[in-house]
Amino acid sequence: AAAAAERPVVTTGDSSNALLQAARAAALAQGGTWESVGGAGNKLRSVAEGRADLAIMHFGTSLWDTAAPEALVRASGGRVSDLFGAPLVHRTGGPLKNALGVVASAKGCGAAHASLCKAMRSDPRALALLAESAGPREAWGAQAADVARGLDGRPLCRRWLGEAVGGGELLRYDAPEEGAFRGMMSNGCRLDLVWGEGGGEGEGAGDSNGAEGGDGRVRPRSAFYKRVVMGELDAARDKAREQPAKLARDARSFGVEAGFLASAACAQLLAAGVHAPRAYRVEMRPDEASPIDSAFSMLLSDFSPEAGWTQVGLLDAGQARRSLAALARLHAFFWEGGAFSTSGGEAAAELEAAVWPAGMYTQPSMQPAAQFDRLAAKYTEHSERLRPRFPPAGGPARAPTRAPP
């Protein structure tokens, strides 16, 4: 009998395209077997049937080549994306070409798929495909090219960014990999912005992260982009099947966040000197009937390291005091009897409609009833896990004598 092929089995066509060959080399960097297979449908079928672990396609296929076999791959537990790891875009009126390539992986081969896409997000030949949307440049660093996408799934357009953020000529943007996160329920990335002559050079008055252009306008050197497309998130799809009430709660929670950041009330909060993200552009597509189809994006001012901001996982005493003081200022702005509550007008009505119906993520009405049966046990579990980080003053931590109420 013939010896079994070394895994992973990677299929491509016989194209001599340099980028396709680079992708194949990345997929086989740790060993494996290459097989030449003709036809987009045949490649995807071989993945769906488990005969191949990965399939990589060139940049001339169209959505009609991949739509039906993609459904087979996904139904079999596999995954299909473009070369950078973002889902293929199936939308009315959009491009029909899979211009950013196609990668498919069989069930259980998600790690190999992710590794290949990560390699492509660092490959200048692959990143050159983004030059039209992100702007040309002589050298590319590793990019979060799967995250810097609009809600329609296409790469963010520098013209759109320039209009949203500063109104000037944006020559290019970078979405550096080290400034990105891919979470269970949202993704985000820092966007470094390079402006044309209208953007100018040097520090801009009034913005510690800005540059003042020849027209006197201050334009930021960076922004932060948060993207939530429920249907693209594994955790959201799991909740849709197993805990639909929690998914509906999550969708409403993102609606609250986006609605607040986009509100006139948040703009007034910023004008009062309270540190909060400035929303350059917010897009909300909630779907109450089908929460898995909800989507949100937020283009925000960036609390960047270059402007003196840092993120820490565990606050010391001084940091905790300053954080609590900042939170107190934020809440005090909205207290009854203050300037906002007495003269808020339309801004107050907008805020109440956007936020108060779902005032907080943990409010009882947004939790399944069974959640409360597990509360005491979870509290004890978290207390035990965190106890070594928070020993009581004067001695070592003591074990609890009973579960907290």
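Residues numbered from 1 in each chain as written. Predicted model: local features only at pLDDT ≥ 70, side-chain atom pairs only at ≥ 80, totals over all residues. Heavy atoms only, no water.

## Here's the deal with the overall build of the protein
Per the secondary structure count, the protein includes 15 helices and 14 strands. Expressed as a percentage of the 405 residues in the protein, the buried residues total 40%. In the protein, once contacts between residues fewer than 6 apart in sequence are set aside, the share between residues at least 24 apart is 63%. Accessible surface computed for the protein: about 21,900 Å², of which carbon and sulfur atoms make up 54%. (Helix = DSSP H or I, 4+ residues; strand = E, 2+ residues; numbered from the N terminus. Buried < 20%, exposed > 50% of the residue type's maximum accessible area, 1.4 Å probe, protein only. Contact = heavy atoms within 4.5 Å. Areas by Shrake-Rupley, 256 points an atom, 1.4 Å probe, with all protein chains shown as cover.)

## A look at empty space enclosed by the protein
Rolling a probe over the atoms, with the probe sized like a water molecule, indicates the empty space that remains. Taken as a whole and assessed by the stated rule, the structure comprises one cavity of 30 Å³ or more. Contributing to the lining of the largest cavity are 13 residues, with Leu 130, Ala 134, Ala 145, Ala 148 and Tyr 173 lying nearest its centre. (1 Å grid on protein atoms, 1.4 Å probe; cavity = no way out; pocket = protein on both sides within 12 Å on 5 of 7 lines; lining within 4 Å. Points joined across faces, edges and corners; volume = space filled by probe spheres on them.)

## Quick notes on the packing of aromatic side chains
In total, this model carries seven aromatic pairs according to the counting rule given. Ring centres of Phe 181 and Phe 224 lie 6.3 Å apart, and the angle between their planes is 5 degrees; on these two criteria the pair is classed as stacked. Linking Phe 181 in strand β7 (residues 180–182) with Phe 224 in strand β12 (residues 222–229), this pair joins segments that are 43 residues apart in sequence. Residue Phe 224 is classed as partly exposed on the basis of its relative accessible area, which comes to 21%. (Phe/Tyr/Trp six-rings, centres within 6.5 Å; stacked < 30°, edge-to-face > 60°.)

## A word on the layout of surface pockets
Empty space within the second largest pocket amounts to approximately 1,300 Å³. If you trace the second largest pocket, you find 44 residues lining it, with Pro 87, Glu 232, Leu 233, Asp 234 and Arg 237 closest to the centre. Looking at the lining of the second largest pocket, the elements that each hand over two or more residues are α3 (63–75), β4 (79–81), α4 (110–120), β12 and α8 (234–242). Ranked by residues supplied to the lining of the second largest pocket, first place goes to α8 with five residues. Considering only residue class, the lining of the second largest pocket consists of 17 nonpolar, ten polar and 17 charged. (Nonpolar A, V, L, I, M, F, W, Y, C, P; charged D, E, K, R; others polar.)

## Regarding helix α1 (residues 18–27)
Residues spaced three or four apart along an α-helix face the same direction, because each turn holds 3.6 residues. When we look at burial in α1, the residues that qualify are Leu 19, Leu 20, Ala 22, Ala 23 and Ala 27. Seen end-on, α1 carries its buried residues on one side only, within an arc spanning 160 degrees. Next to the buried residues of α1 lie β1 (9–12), β3 (54–57), α4 and α5 (124–127). For α1, the N-terminal capping position is held by Asn 17, with its side-chain oxygen 2.9 Å away from the main-chain nitrogen of Leu 19. (Arc of directions from axis to C-beta. Polar contact = N/O pair within 3.5 Å; in protein donor to acceptor, adjacent residues only side chain to side chain.)

## Description of the pairing of strand β2 (residues 33–36)
When β1 meets β2, the two strands line up parallel, connected through four bridges. Bridge assignment links Val 9 to a residue of β2, and that residue is Thr 33. For the segment spanning β1, α1 and β2, crossover handedness is right-handed. (Pairing = 2+ DSSP bridges. Right-handed = clockwise from strand over helix to strand, strands pointing away.)

## Considerations on the sheet that holds β1
Overall, mixed pairing links the five strands, which are arranged β2-β1-β3-β5-β4 in an open sheet. Each edge of the sheet is formed by a strand with only one pairing partner; in this case those strands are β2 and β4. Here the strands of the sheet are splayed against their neighbours by 15 degrees on average, with no regard to which way each runs. (Axes fitted to C-alpha atoms, helices over the stretch in contact; angles between N-to-C directions.)

## So, the confidence of the model for the protein
Note: predicted coordinates in regions of low pLDDT should not be interpreted at a detailed level. Counting all residues, the mean pLDDT for the protein is 87, and 88% of those residues have values of 70 or more. Residue range residues 397–405 is modelled with pLDDT below 50. Its contacts to residues more than four positions away, or to other chains, number nine contacts. (pLDDT = per-residue confidence, 0-100.)

## A closer look at the nonpolar core
Formed by 38 residues in total, the largest nonpolar core has its most connected members in Leu 83, Tyr 173, Leu 191 and Leu 299. Where this core is concerned, the elements lending two or more residues are α1, β3, α4, α5, α7 (158–165), β6 (170–174), β8 (187–195) and β12. In contact with Leu 83, other than residues within four places in its own chain, are Leu 19, Ala 23, Ile 56, Phe 59, Leu 100, Gly 101, Val 103, Cys 117, Met 120 and Ala 126. (Core = buried A, V, L, I, M, F, W, Y, C linked by side-chain atoms within 4.5 Å.)

## A closer look at the pattern of salt bridges
With the rule as written, the count across this model stands at 22 salt bridges. When the shortest N-O distance is used, the salt bridge between Glu 49 and Arg 51 registers 3.0 Å. According to the relative accessible area criterion, Arg 51 is partly exposed, its value standing at 48%. For Glu 384, the salt bridge identified is with Arg 387, shortest N-O distance 4.0 Å. Through salt bridges that share partners, Arg 121, Asp 146, Glu 177 and Arg 182 make up one connected network. (Salt bridge = Lys/Arg side-chain N within 4 Å of Asp/Glu carboxyl O.)

## Quick notes on unusual backbone geometry
Cis geometry marks the peptide bond from Arg 7 to Pro 8; its omega dihedral reads 0 degrees. Mapping Pro 8 onto the fold places it in the segment before β1.

## Digging into the packing of helix α2 (residues 40–48) against α3
In contact at an axis separation of 9 Å, α2 and α3 are set at 5 degrees when each is read in the N-to-C sense. When the axes of α2 and α3 are compared, the pair comes out roughly parallel. Here Ala 40, Gly 41, Leu 44, Val 47 and Ala 48 of α2 come into contact with α3, specifically with Asp 65, Thr 66, Pro 69, Glu 70, Leu 72 and Val 73. Classifying every residue of the contact of α2 with α3 gives seven nonpolar, two polar and two charged. (Parallel < 35°, antiparallel > 145°, perpendicular 65-115°, else oblique.)

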